[in-house]
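Here's the letter readout for the chains.
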Amino acid sequence: MALREIAASSRKLCILLVPLLLVVNLLLYSGTLGFDFLKDDHVLVENNPRVKSGKVFLDTLGKRFFAFPDFAFLHYWRPLTLLSYRVDYLLWGETPNGFHLANVLINAAVTVLVFLFFLAWGGRAVPAFLVALWFSLFPLHAENVAWISGRPDLLAALFVLAAALAFLRFLDAGGTKFLLFTFLLFMPGLLVKENLVVFPIIALIMTLMRGRWRRGRLPLAGLALVSAVFALMHAIISGSGGMLARASFSQVPIVFQAIGVYARMILVPIFPDPYFTMVQFESRPLEWVVWALLVLFILAIAVWKKDRWVYTRGAMGFLVLMVPVLNPVLVPSYPPLAMRFVYLPAVMGGALLVDLGMRLGRKWKPVLMAVTVLSGIALYWVNMVYQDYFRNDEAFYARLISNHPSDGSLYLPLALKRANEKRYPEALNLVRRGVEISKNSRWMDVREMAALLEANLLLVTGEPEAGFHRAQRIERETTQDGMRFKALMIMAKYHEMRKEFAESLAELDRAEKLGSTAELFLQRCLVLARMGRWREAQIAMEQARRLNPDLTDFSGLSRLLRSRGESDPGEASPQPAPVRRGE
């Protein structure tokens, strides 16, 4: 049934339900508008010159999502997501409120598209509304919405749903314009999140479920071609081409268990907190196998009894979005089984409940209504509890460490926060605790990151020799350019502190061969200024400002360099070893 025809036949109901969904979403997440920057937000948004400078943004358009050397192991290229942060910055400035508002509004728009898609798919407004309401209240969405860096999933869902809705209209009624809209919405979506390369499979499932193979086969080939071209381009830009080489048949049991984990998240989205650790994954393998078998059984029944599971069949295609993250061995982020990955696939839970409800007889309707109301209240309450975890770094890491003391990956970010607060002994203890816990982990080796952070801390706590030797060891042994770069920067700072300026410049030159950053040129500027090489120091400062025009903290140093004052800037403004986010 065409969406336009449905809207005409039940206009009053649709006009009521769409604003109601918007109000529910805006009220549910209104509290996040006062939240701070959190976790990756500091590198990706708050301190990112690509967000704050249009020139830097354009100059680095073909670079990875995270700028070198931070998170160099994350092979992402997401220029449109980065552009959305740039727009937020232009509208709202540096405060996090505007960035959070954008997330809330995008999530509300996605919810409306969920309603419109299932309205077009099933032809009935109330069941489509219930699916969208489940999606609205879904507790695990707290991470996607309340965390600014969760935006890629929000934007990806927006483009996927819009493209799927256009393709559904094409399948049902034909028309070149709807096919054109499908491509125009799908292609920019690829620049939001690389997982959208699986959209042709979503479109294939929709085509088969609607019985429109003859009409859809050529457009499907075109969509597949676009995905293939983008996948090749993404691999070249992001350097992710070798990741699939790590896959093997021995990982099939792990993938099957991961399917079970995500099935549990989608069907029963209530956990002690909004964080799934790999300790949980490894300690309960039988439970995840059972959940995997259950969801595969449900999907098989939905395919077989197609007239009785209309909405489940409509949601089935969106599960494909999880295919790129089903193998935790290949997922570069941590934890590799993240709750935010079920953002759009979460519609399956609502669709399944709606189909089950429609199968019940009249005598069960009151029971169904009571269960629906109670479930809605429970989901709302859990969602609000989860949101509070994402209020700020302190709330997130301190609470999760209390809940998951055996997850060593949580200790390093909190150690970095303590270091920035100049609580160095506490930071060192956290680093060493994290290393001790994680030393036998197969999922995340934090030893190099911890050693770099510890080396940085030792420089500022009176043990520079120990810090230098740790950094030197990492520089020799690491296979990652980002780690080697940071180690060389620490070694350069060590030599500067000892007034071994020539050696410091030599380390900076070695670091520059790996990559150029504003921090590198600023450190070179400070060394050159202490050597009295004013003109070269001024050039280094200009290079730093080209990479990061937001270096307002060093305007005094710039004036000093221009005036070529007689005082030694190193003595006038001693520089402790920098403790940067991401190290």
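Our structure is the block above this text.
What you are looking at is a predicted structure, and each value in this text was computed from that prediction instead of being measured. (Residues numbered from 1 in each chain as written. Predicted model: local features only at pLDDT ≥ 70, side-chain atom pairs only at ≥ 80, totals over all residues. Heavy atoms only, no water.)

S.K.: Let's hear about the overall build of the protein: which residues, and what values?
M.R.: Tallying secondary structure elements over the protein gives 30 helices and zero strands in all. Taking the principal axes of its C-alpha atoms as reference, the protein extends roughly 90 × 50 × 45 Å. Residue burial in the protein is summarised as follows: out of 583 residues, 55% are buried. Here the contacts in the protein between residues at least 6 apart in sequence split such that 73% fall between residues at least 24 apart. (Helix = DSSP H or I, 4+ residues; strand = E, 2+ residues; numbered from the N terminus. Buried < 20%, exposed > 50% of the residue type's maximum accessible area, 1.4 Å probe, protein only. Contact = heavy atoms within 4.5 Å.)

S.K.: Mind laying out helix α14 (residues 252-267), listing which residues take part and the relevant values?
M.R.: For α14, which comprises 16 residues, the first-to-last C-alpha distance of 23 Å matches the rise-based estimate of 22 Å (1.5 Å per residue) to within 8%. Residues of α14 that are buried: I254, Q257, A258, G260, V261, Y262, A263, R264, M265 and I266. Turning to α14, the residues buried within the fold contact α8 (125-137), α15 (278-283), α16 (285-304) and α18 (347-359). (Expected span 1.5 Å × (residues − 1).)

S.K.: Before we move on, can you summarise the packing of aromatic side chains with the specific residues and values?
M.R.: Considering all chains together, one arrives at 16 aromatic pairs under this definition. Taking the centre distance of 5.2 Å and the plane angle of 65° together, the rings of F135 and Y343 count as edge-to-face. Of the two residues, F135 is situated in helix α8 and Y343 in the loop between α17 (310-316) and α18; the sequence distance between them amounts to 208 residues. Across the pair, Y343 and F135 agree in class, each one buried. Cluster of aromatic residues (ring-pair linked, three or more members): F117, F118, W121, Y311 and F318. (Phe/Tyr/Trp six-rings, centres within 6.5 Å; stacked < 30°, edge-to-face > 60°.)

S.K.: Describe the pattern of salt bridges, and please don't skip the residues or the numbers.
M.R.: Tallied over the entire structure, the rule returns 30 salt bridges. The partner of E394 in a salt bridge is R418, and the shortest N-O contact between them spans 2.9 Å. Taken together, the positions of E394 in helix α20 (residues 393-403) and R418 in helix α21 (residues 411-420) put the pair 24 residues apart, joining distant regions of the chain. For the salt bridge of R470 with E454, the shortest nitrogen-to-oxygen distance reads 3.3 Å. Here E454 lies in helix α23 (residues 447-460) and R470 lies in helix α24 (residues 464-477), a separation of 16 residues in the sequence. Look at R470 and you get partly exposed, because its relative accessible area is 24%. Overall, the relative accessible area of 9% leaves E454 in the buried class. (Salt bridge = Lys/Arg side-chain N within 4 Å of Asp/Glu carboxyl O.)

S.K.: Provide a residue-level description of α21, including the pertinent values.
M.R.: Burial analysis of α21 places seven of its 10 residues in the buried class, which makes it a mostly covered element. Along α21, the positions that sit buried rather than exposed are Y411, L412, L414, A415, L416, R418 and A419. Residues of α21 that are buried sit in contact with α20, α22 (424-438) and α23. Taken from the residues just after α21, K422 is the one with a positive phi, measuring 65°.

S.K.: Quick rundown of the side chain of N144? Include the residues and the values.
M.R.: Looking at the secondary structure, you find N144 in helix α9 (residues 141-146). A polar atom in the side chain of N144 sits 3.5 Å from the side chain of D153. Within polar-contact distance, the side chain of N144 engages the backbone oxygen of R340 at 3.1 Å. Leave out the neighbours within four places in its chain, and N144 touches N103, G150, R151, D153, L154, R340 and Y343. (Polar contact = N/O pair within 3.5 Å; in protein donor to acceptor, adjacent residues only side chain to side chain.)

S.K.: Any details on a positive patch on the surface? Residues and values, ideally.
M.R.: On the surface, R124, K305, R308, R359, R362 and K365 cluster together into a patch of positive charge. Relative to the helices and strands, R362 is located in the loop between α18 and α19 (365-389). (Patch = residues over 30% accessible without salt bridge, like charges linked within 9 Å, V, L, I, M, F, W, Y side chains within 5 Å. Areas by Shrake-Rupley, 256 points an atom, 1.4 Å probe, with all protein chains shown as cover. Lys, Arg positive; Asp, Glu negative; His and termini not counted. Charge placed at Lys NZ, Arg CZ, Asp CG, Glu CD.)

S.K.: So what's going on with unusual backbone geometry? Residues and values would help.
M.R.: Positive phi values are uncommon outside glycine, yet K39 reaches one of about 50°. Here the phi dihedral of K422 falls at roughly 65°; this positive angle occurs in a residue that is not glycine. Residue classification places K422 among the exposed positions, given a relative accessible area of 60%.

S.K.: Lay out the environment of R124 with the relevant residues and their values.
M.R.: Counting through the fold element by element, R124 comes out in the loop between α7 (96-122) and α8. A relative accessible area of 47% places R124 in the partly exposed class. Note: C-alpha distance between R124 and A537 (413 residues apart in sequence) is 69 Å. Non-local contacts of R124, meaning those with residues more than four positions away in its chain, are made with L119, Y311 and M358.

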